[in-house]
Each structure stands twice: as structure tokens, then as C-alpha cells.
Amino acid sequence: MKMLPKQPTVKASADNFIGDAWYDALIRGEEPSRIRVSVVRFAPGARNAWHSHAVGQTVHVTEGVGLIQSRGEKPVEIRPGETVHTPPGEWHWHGAAPERFMTHLAMWEASAEGKEADWGEQVSDPEYAAAAQEASR
Ligand code: MN
């Protein structure tokens, strides 16, 4: 076995996030593994843009209260201990609730061609507020 070196905590890019989110990359698999795991910490109100993962993604909430929504579906409030899978190519976003921090583990894989995600438009303030209002609990 080997202890993996601690990587610096990185601020998520404003190209793909609104608000403050920081992540720690825990593992980036070496071929034939293509696994990626990060701890992502969202400040209240922070969320990522609409995106999809080439090989899908699983998130596991460890702290706080968050929101996740897939295209065309009702937003869902997520809490510690809950695990959500989005299949390959399914457009969605995730982030913190308006007045709560949220931390989740994000687990995904690169495709054989090395593709990880496609990014789209940001979740606007009105879109986010509406999602927070109608999130099913
Ligand atoms: Mn995602």
C-alpha cells in the first residue's frame, strides 16, 4: 500500500460554479482504473453549473444540507448519509442549500477516451431560488 500525498485544496472555477466551493482531490486512478474521488465543500448558496458526466457520478453527502436536480425533474434536498447517482449523460447540478454549508464526496470515472464531464449554463439566481423553494424533502 501507499499513503497518497495530500493535494492542495482548490477553489472551484467560477466558469462552472456560482458562489464559493472548494475541493480536495482524494484519488485520480491510474489506468486501468479511471476513478476520481473528491471532497467538495460548498458555502451556503453555492452550486455548480448544469453538467453531465460521461460515465455517471455518485455523490455522498457527509455534512450540511444540499440540493440536487436533474434536467426535467424536481429538485431534491440532500442530507448527510444520503447517496445520489446520476447516470452517464444525465444533465444535473448540485450544491448547498441557501442558508447551509454542504459537503459531499463526489465519485466518478473518466471514459476510456479520457472524457469526464460536459459543462453547460450556470444555475441562475432565480432558477436556484425556485429550486430551493420546491425541493422535495
Ligand atoms: Mn455532477
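Residues numbered from 1 in each chain as written. Predicted model: local features only at pLDDT ≥ 70, side-chain atom pairs only at ≥ 80, totals over all residues. Heavy atoms only, no water.

**Quick look at the coordination of the manganese ion**
Here the manganese ion is held by H51 (NE2), H53 (NE2), Q57 (OE1), H92 (NE2) and H94 (NE2), and the distances to it run 2.2 Å. Taken in chain order, the donor set of the manganese ion reads H-x1-H-x3-Q-x34-H-x1-H. Its relative accessible area of 5% is what places H53 among the buried residues. (Donors = N, O, S within 2.8 Å, 3.2 Å for Na, K, Ca; no water. Buried < 20%, exposed > 50% of the residue type's maximum accessible area, 1.4 Å probe, protein only.)

**Section: the packing of aromatic side chains**
The geometry of two aromatic rings is summed up by the distance between their centres and the angle between their planes. Per the stated rule, a full pass over the model turns up three aromatic pairs. Seen from their ring centres, F17 and F42 are 6.1 Å apart, and the 35 degrees between their planes marks the pair as tilted. Remark: F42 occurs in strand β4 (residues 35-42) and F17 occurs in strand β2 (residues 17-18); sequence separation between them is 25 residues. Taken together, the ring pairs connect F17, F42 and W119 into an aromatic cluster. Looking at R71, its charged tip hangs above the ring of W50, at a distance of 4.1 Å from the centre. (Phe/Tyr/Trp six-rings, centres within 6.5 Å; stacked < 30°, edge-to-face > 60°. Helix = DSSP H or I, 4+ residues; strand = E, 2+ residues; numbered from the N terminus. Lys NZ or Arg CZ within 6 Å of the ring centre and 35° of its normal.)

**Section: the side chain of E77**
Counting through the fold element by element, E77 comes out in strand β9 (residues 76-78). Polar contacts involving the side chain of E77 include one to the side chain of R79, which spans 3.0 Å. Setting aside residues up to four positions removed in sequence, E77 forms contacts with V65, G66, L67, E82, A135, S136 and R137. (Polar contact = N/O pair within 3.5 Å; in protein donor to acceptor, adjacent residues only side chain to side chain. Contact = heavy atoms within 4.5 Å.)

**Some words on the nonpolar core**
Ranked by size, the top nonpolar core spans 14 residues in total, and within it F17, A21, F42, I78, M102 and A106 carry the most contacts. Those elements that place two or more of their residues in this core are β4, β7 (57-64) and β12 (102-109). Ranked by residue count, the leading element in this core is β12, at three residues. Setting aside chain neighbours within four positions, we find A21 in contact with V10, K11, A12, R41 and F42. (Core = buried A, V, L, I, M, F, W, Y, C linked by side-chain atoms within 4.5 Å.)

**Considerations on the pattern of salt bridges**
Enumeration according to the criterion identifies eleven salt bridges in this entry. As a salt-bridge pair, R36 and E116 come within 2.8 Å of each other at their nearest N and O atoms. Remark: E116 occurs in the loop between β12 and β13 (117-119) and R36 occurs in strand β4; sequence separation between them is 80 residues. When its relative accessible area of 9% is taken as the criterion, R36 is described as buried. Judged by relative accessible area, which is 21%, E116 ranks as partly exposed. When the shortest N-O distance is used, the salt bridge between R79 and E77 registers 3.0 Å. A residue is classified by how much of its surface remains accessible, and R79, at 42% relative accessible area, is partly exposed. Among the charged side chains, a network of salt bridges with common partners joins K6, D24 and R41. (Salt bridge = Lys/Arg side-chain N within 4 Å of Asp/Glu carboxyl O.)

**Some points on the environment of M102**
Following the sequence through the fold, M102 ends up in strand β12. With relative accessibility at 0%, the residue M102 sits in the buried group. Residues M102 and R41, 61 residues apart in the sequence, show an inter-C-alpha distance of 6.0 Å. Apart from the residues within four sequence positions on either side, M102 is in contact with V40, R41, F42, V61, E63, G64, V65, G66, I78, G95 and A96.

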